Each structure stands twice: as structure tokens, then as C-alpha cells.
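# Examination of the molecular architecture
The lines below spell out each chain.
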Amino acid sequence: MAQQGIQLDQDKLCCSVCLDLLKDPVTIPCGHSYCLSCIRTYWDAVGHSWLGKSCPQCRQKFTPRPALVKNTLLANLVEDLRRTGLQAAPAALCYATHQDVACDSCTGRKLKATKSCLQCLVSYCDQHLQPHYESPAFEKHQLVDPCEKLQENICTRHNEVMKVFCRTDQQCICYLCSMDEHKGHDTVSAAAERTEKQKELSKNQQTIQQKIKDREGDIKKLQQEVETINQSADEAERSSEKIFKRLIQLVQDKCSDVKQQIRSQQTSLVNRLKESQKKLEEELAEMKSREAELQQLLHTHDPIQFLHHCPVLLNPMDSTDPHSISIQSVSYFDHVLAAVAAATDKIQHVLNEEWTKVSLLEVKQEALKPRAEARIRSEFLQCSQQMTLDPNTAHNQLLLSEGNRKATVMTKKLVYPHHPDRFIEHQQVLGAESLTGCHYWEVLMDQNMSGATVAVTYKNISRTKSENEFGYNNSSWALIFNSPLKIMHNSSILFTSGLPSFRIGVFLNHGAGTLCFYRVSDTMTLLHRVQTTFTEPLYAGLGVYGSDKSVELCELK
């Protein structure tokens, strides 16, 4: 505690100018004490020593300049501290480090600057800054926060402070530059330009702040969407597991039922056969007994005995007709195996069809990804794939060639095998590949082509009805080459154009629900964009009408 008391006295006995223990301490009328040399130097630096002065700490002014008289009490206290071997600890926070701007007026160890003067091009600590507050000579000097690179405000050519801004050359200049090489240029004061630039920066700041707010909102929405997806996925997983457990239990129950039925039928059949076997064995035993009696009678030499027993043995025995017993040449349970196999095939077929809808979940997630729409053909080609036509869907007047990429109309009908996917009413054909995710392909057709169709469709589109033509039902979207060119869906015209085109690009983003038709030449020209929700995998479709005309899926490289 004693040491803390000495430290407190030590702090009070430090000069606020030199930050060291008082030397020849003097007390001015306001009550603050300083080293004699420090306060004298401070007041002398202001000039006009006959004028009134002020306290460096409390700024109280004195008129006339006070006489400086040594404070004997303070001097004795300081001397006592010095004899104890203690030294005043300067305020470390006031000294400049490598991260601070140092006072240019300090000698020795420099203090931190608190202000920089744009007129003096010098940085000052509190002590050396006082003249700027007190002397009328410094009234017009502009003080700013400490700045290291004050020399950048000096014109290197004229060694003058740069206070002018040349808007023509977009640079700061001095007033001599404005009369020399920048003469006739659009010039304003640096302060005026700063004000204008501040307005522009304020607008930019407001724009950025709004963008920040928007992005924070977007991020919050995405975070909420992530939480929703996670919760939905967890719930879907739990529900799916329950459903599959019920399905597995159902299959296991059916398996147990089949086993039970098989064993029940087995027991019934075996019991019936054993009963027949037992009856036959009894007949066999009786036959063997009769045969033994006959054998014995045949060896009887006494005619009377022979004739006495002969009528009984001559009576025929009742027995089972051997032709009434038939043995099956096939397994008794083939019909059970066939029924189980048929049921398994049906279950597998249903699961495969429904599984397509489950697989679309991964594709639909693409809609959450911010994807920039392609602008040039090379960008579209990044999501292109080699596509072919499905022969099983081709109308019997369409001849497929070029590796099943080209469809040509034939005058005579071709002999195609029957297939449930084949188009009957219209000369159309589907692509062989199901389309989910992002895909791009191009279609090339004959010049002066009319009646050709480039389509995208669900596979369940009708094959036999008249309304199965591409674009005239809710299962397909079609670009139809008539005069004019038109894009249709569900018998509604979505777009028309009189400009011809013989190469069409089709871009599909299944998950985002986007379908775009482009005119392809030296550039990509968007004809129409469809925005919807696709519920099933899609297929490319082509329609060709007329004699010897063709349309082809392009081979993209």
C-alpha cells in the first residue's frame, strides 16, 4: 500500500509538458505546476512575451504574463522522490510507436501526434500544437487527424501545397500548375471536388448498403431454405423408412402366406396319396394271401378237397383299376411359382415407374443454385450431349438414318414391328434419351422446310389419338415450322415469328423449369423462353411432314 501511495505522488509530480518529474517546479495562478524551463519555453514559443498567456492544461488565460516563482514545497517533494531512487514513468501511451504518426517537433523520443496541419505540413503532439490554438497567426491553418503522407500534398514541380483539382486530367495540382500546363482546364478547389466526390461516394455507399441488405436478406432466405430442406429431408427419410418397413412387412407376410399355403396343399396331397397307398397295400396283402391259397389248392391231390375249395377261390377279387391312378409329370407347385413371379414382376414394374419421380428430387434441387444463363454458343455446348432417335417410336413413314439421328419422310409405309410406343396418327418420333438436369441440342432441317416440328414432350403422350400431335396437348411443347413460325403448348400459341431459321437450338433446365428455343447462326437469338414446372423426365421429339423431307439431330462437338 505504501508503494502505491508513492506511485500516486510520483504521477502528481510529473510535468504535463515533458512528462518527466518536475524540475525547478513553478505553479501558475490556475494551480497547475510545470517545470520552469518547460512553461517558459512554451510561453516563449507563442511569441509576444508581454501579452497574456494560458495554461497548457486548462487553457485559462492570464493577463499580463504571470511571474514564474519556484514552488519550494514541490521542489522538496521531488527531491525526496529522487533520493528514493524512483524515476517518473512517462505515459507510455503518449509515445509514438511504429503504428503511430510521430510529432515532427519533438526531439529525442517523439510523442504521438494528435493533429496534422495542412498548411505547415507538419504533425504535432498536444504540447507543440498549442500555438495553433492560441496564436492569431495560425487561425486559418487547417488541422486534420494525424497523417503520415503530408508530403503528398506538395507539388513536386513547384514545391507548393496542392489545393486545386484539375477535372480535365483528374489530378490534384497547385495554383501555379493551374496557370501553367493546366491552363484552360476545368479546375476547381480540392475542397469543392472533395464535396462532389463525397456526394458520389455517398450514393455508392447507399447503393452498396442496399446491396448488402439485399444479400443479407438472400442469405437469410437461403439459410431458412436450408433449414426447411433439412427438416423436409429428415421427415421424408423417416416417412420413407416407415413405408418401406410396411412394404417389407407386407412382402414378408405374403411370403409366410405362400409358405403356409404350399405346406397346407403339400399336407393335403400327401395325406390323400397315403390313403390311396394304404388301400393299395391292403389290396396287395389280400392278393398275396389269395395267391398263396391258390398255390396251395393247385398242389392239392385230393379231388374232393380241391373241388370243395375251388368255387371260393374262383370268385374275382375287388381291386383298384391300375389305370385310375395317374402320376403328374410336372411339379405340383409350378402354378404357385408362376403366380409369385408374376406378382414380383408387377411390383418391380410399379417401383421402377414410381422411382423415376423419386429420382427427380435431385434434379429439382438445381433450381436452388444460382445459374447464369448462357449467352454464347460455346457456353451452351458445355451442357450438350449426343442424342439419338428411338426406332420403336417412329411412325411407319419415317426412315431413320445417320445412326438414328436423322428422320426422313418416305412415300410408302415401312414395315416396322408392332410396338406400343410407336406413333400411329402423326409422322413423329421421340428421342431415345430421357432428359433431366441441364441439356442442349440442335436440330437441322431442309431449306424451305414447312411442316417440321421440334418438340420436347413427356413420354406418356398418346400414340394413337389425333390430339397426340406435338404442341396440341398438355404433354408437349413444340416449335412448328409453318408460315409464320410458331411455338405451341396445349393448342395455345406462345410465340410467332416471320423470320426463317434452318438450325434450332434447344436448351432445357429441367430442375429450374426452363425451356428455351434459339435461332442458331453466327450468334444465338432467343426465340422464346418457357417457364413452368416439369413433373416427369422429358424427351426430344421430331415431326416431319411432306415428301422426301428430313430433319436431323445435329452431332455437336
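Residues numbered from 1 in each chain as written. Predicted model: local features only at pLDDT ≥ 70, side-chain atom pairs only at ≥ 80, totals over all residues. Heavy atoms only, no water.

## Observations regarding the overall build of the chain
Put simply, the rule reads: Strands are runs of DSSP state E lasting at least two residues, helices are runs of H or I lasting at least four, and both sets are numbered from the N terminus onward. Buried, partly exposed and exposed residues are distinguished by accessible area as a fraction of the type maximum, computed with a 1.4 Å probe on protein chains only: under 20%, between the cut-offs, and over 50%, respectively. Residues count as neighbours in contact if any of their non-hydrogen atoms are within 4.5 Å of one another.
Along its length, the chain carries nine helices and 23 strands. For the chain, with 557 residues in total, the buried portion stands at 29%. Of the contacts formed within the chain by residues at least 6 apart in sequence, a portion of 54% connects residues at least 24 apart.

## Overview of the sheet that holds strand E23 (residues 550–553)
We apply this condition: Pairing between strands is defined by DSSP: at least two bridges between them are needed. Axes, fitted as lines to C-alpha atoms, cover a helix only where it is in contact. Angles between the N-to-C directions of the axes lie from 0 to 180 degrees.
Pairing is antiparallel in the open sheet, where seven strands are placed in the order E11-E12-E23-E14-E19-E20-E21. Looking at the sheet topology across the chains shown, the edges are occupied by strand E11 (398–401) and strand E21 (524–531). Each adjacent strand pair in this sheet contributes to an overall mean axis angle of 20°, direction not counted. Pairing geometry for strand E14 (residues 438–445) and strand E19 (residues 503–509), over seven bridges, is antiparallel. Paired with Trp 441 across the strands is Val 506, a residue of E19.

## Observations concerning the nonpolar core
Short version of the rule: Nonpolar core, defined: a set of buried Ala, Val, Leu, Ile, Met, Phe, Trp, Tyr and Cys residues in which side-chain atoms within 4.5 Å join the residues together.
Residues Trp 441 and Leu 515 are the most contacted members of the largest nonpolar core, which totals 36 residues. Broken down by element, this core gets its largest block of residues, four residues, from strand E15 (residues 452–458). The contacts of Trp 441, once residues within four sequence positions are left out, are Met 387, Leu 435, Val 456, Ile 504, Gly 505, Val 506, Leu 508, Ala 540, Leu 553 and Leu 556. Grouped together as the second largest cluster of nonpolar side chains are 18 residues, Leu 22, Tyr 34, Ile 39 and Phe 62 included.

## Quick word on the side chain of Asn 468
Just so we agree on the cut-off: Any pair of N or O atoms that falls within 3.5 Å is considered a polar contact. Within protein, one atom must be able to donate a hydrogen and the other to accept it, and sequence-neighbouring residues count only if both atoms are side-chain atoms.
Tracing the sequence through the fold places Asn 468 in the loop between E15 and strand E16 (476–481). Residue Asn 468 is classed as buried on the basis of its relative accessible area of 0%. Polar side-chain contacts of Asn 468 include one of 2.9 Å to the backbone oxygen of Ser 462. For Asn 468, the contacting residues outside a window of four places in its chain are Phe 423, Glu 425, His 426, Gln 428, Ile 461, Ser 462, Arg 463 and Asn 473.

## Quick look at unusual backbone geometry
A cis geometry characterises the amide bond from Thr 63 onward to Pro 64, with omega recorded as -5°. As for its placement among the helices and strands, Pro 64 is situated in the loop between strand E4 (61–62) and helix H3 (72–83). With phi around 50°, Asp 24 is a residue other than glycine that occupies positive phi space. The topology assignment puts Asp 24 in the loop between helix H1 (2–12) and strand E1 (25–27). Using a relative accessible area of 45% as the deciding quantity, one classes Asp 24 as partly exposed. Phi is positive for Asn 404, close to 60°, though the residue is something other than glycine. If you trace the backbone, Asn 404 turns up in the loop between E11 and strand E12 (406–409).

## So, the sheet that holds strand E7 (residues 143–144)
Strand order in the open sheet formed by three strands is E6-E5-E7, and the pairing between neighbours is antiparallel. Here the strands that pair on one side only, and so sit at the sheet edges, are strand E6 (122–124) and E7. Across the sheet, helix H4 (residues 126–134) is in contact with strand E5 (115–117), E6 and E7; its angle to E6 comes to roughly 110°.

## Quick word on the confidence of the model for the chain
Rules: Scored between 0 and 100, pLDDT is the confidence that the predictor attaches to each residue.
Across the chain, the average pLDDT comes to 82, with 87% of residues at or above 70. Overall, residues 1–8 carries pLDDT values under 50, and its contacts beyond four positions in sequence, including any with other chains, amount to two contacts. Scored below 50 in pLDDT, residues 361–372 makes 17 contacts in the model with residues more than four places away or belonging to other chains.

## Structural notes on the packing of helix H6 (residues 190–298) against helix H7 (residues 303–314)
For clarity, the cut-off: Roughly parallel means an angle under 35 degrees; roughly antiparallel means over 145; roughly perpendicular covers 65 to 115; every other angle is labelled oblique. In this scheme the crossing of two helices becomes right-handed for a clockwise turn of the near helix relative to the far one and left-handed for an anticlockwise turn of less than a right angle. Three classes are used: nonpolar for Ala, Val, Leu, Ile, Met, Phe, Trp, Tyr, Cys and Pro, charged for Asp, Glu, Lys and Arg, and polar for all others, with Gly counted as polar.
Across the interface, H6 lies against H7 with an axial gap of 10 Å and an inter-helix angle of 155°. One finds that H6 runs roughly antiparallel with respect to H7. For the element pair H6 and H7, the recorded crossing hand is left-handed. Residues Arg 290, Glu 293, Leu 294 and Leu 297 of H6 lie in contact with H7, whose contacting residues are Gln 305, Phe 306, His 309, Cys 310, Val 312 and Leu 313. Its residues placed into classes, the contact of H6 with H7 shows six nonpolar, two polar and two charged.

## Let's talk about the pairing of strand E22 (residues 538–543)
The side chains of a regular strand alternate, first on one face of the sheet and then on the other. Along E22, six of the six residues are buried, which leaves the element largely enclosed by surrounding structure. Of the two faces of E22, both are covered, the one formed by Leu 538, Ala 540 and Leu 542 as well as the one formed by Tyr 539, Gly 541 and Gly 543. One ladder, built from three bridges, connects strand E13 (residues 428–430) with E22; its direction is antiparallel. Residue pairing in the sheet places Val 429 in a bridge with Leu 542 of E22. Across six bridges, E15 lies against E22 in antiparallel orientation. Among the inter-strand pairings, Val 456 is bridged to a residue of E22, identified as Ala 540.

## A short note on the UniProt feature "coiled-coil region" (unreviewed entry) in the chain
As a reminder, the rule being used: UniProt positions are given in the numbering used here, feature names are shortened, and annotations may be inferred rather than shown by experiment.
The UniProt record annotates "coiled-coil region" (unreviewed entry) at residues 205–239 and 263–300. In residues 205–239, the share of helix is 100% and the share of strand is 0%. The end C-alpha atoms are 50 Å apart. From the first C-alpha to the last, residues 263–300 spans 55 Å; its make-up is 95% helix and 0% strand.

## Regarding the pattern of salt bridges
Between side chains of opposite charge, pairing is possible as soon as their charged atoms come close. Quick note on the threshold: In the sections that follow, a salt bridge refers to a side-chain nitrogen of Lys or Arg positioned within 4 Å of a carboxyl oxygen of Asp or Glu.
All told, the structure shown has 13 salt bridges when counted by the stated rule. Among the ionic pairs, Glu 196 bridges to Lys 199, the shortest N-O distance being 3.9 Å. Highlighted residues: Glu 196 and Lys 199, both in helix H6, separated by three residues, approximately one helical turn. Three or more residues are tied together by salt bridges with common partners; here these are Arg 157, Asp 180 and Glu 181.

## Side note on the side chain of His 395
Locating His 395 in the fold gives a position in the loop between helix H9 (377–381) and E11. A distance of 3.3 Å separates a polar atom in the side chain of His 395 from a polar atom in the side chain of Asn 396. Residues contacting His 395, with those up to four places away along its chain left out, are Tyr 416, Phe 423, Ile 424, Glu 425, His 426, Gln 427 and Gln 428.

## A word on the packing of aromatic side chains
Our working definition: Aromatic rings from Phe, Tyr and Trp, with only the six-membered ring used for Trp, were paired whenever their centres fell within 6.5 Å, and each pair was classed as stacked if the ring planes differed by under 30 degrees, edge-to-face if by over 60, and tilted otherwise.
Evaluation of the coordinates by the stated rule reveals six aromatic pairs. With 5.7 Å between their ring centres and 75° between their planes, Phe 380 and Phe 507 make a pair best called edge-to-face. Taken as a pair, Phe 380 in helix H9 and Phe 507 in strand E19 lie far apart in primary sequence, 127 residues in all. Residue class for Phe 380 comes out buried when judged on its relative accessible area of 1%. Overall, the relative accessible area of 8% leaves Phe 507 in the buried class. The rings of Phe 380, Tyr 440, Phe 507 and Tyr 518 are connected pair by pair, giving a single aromatic cluster.

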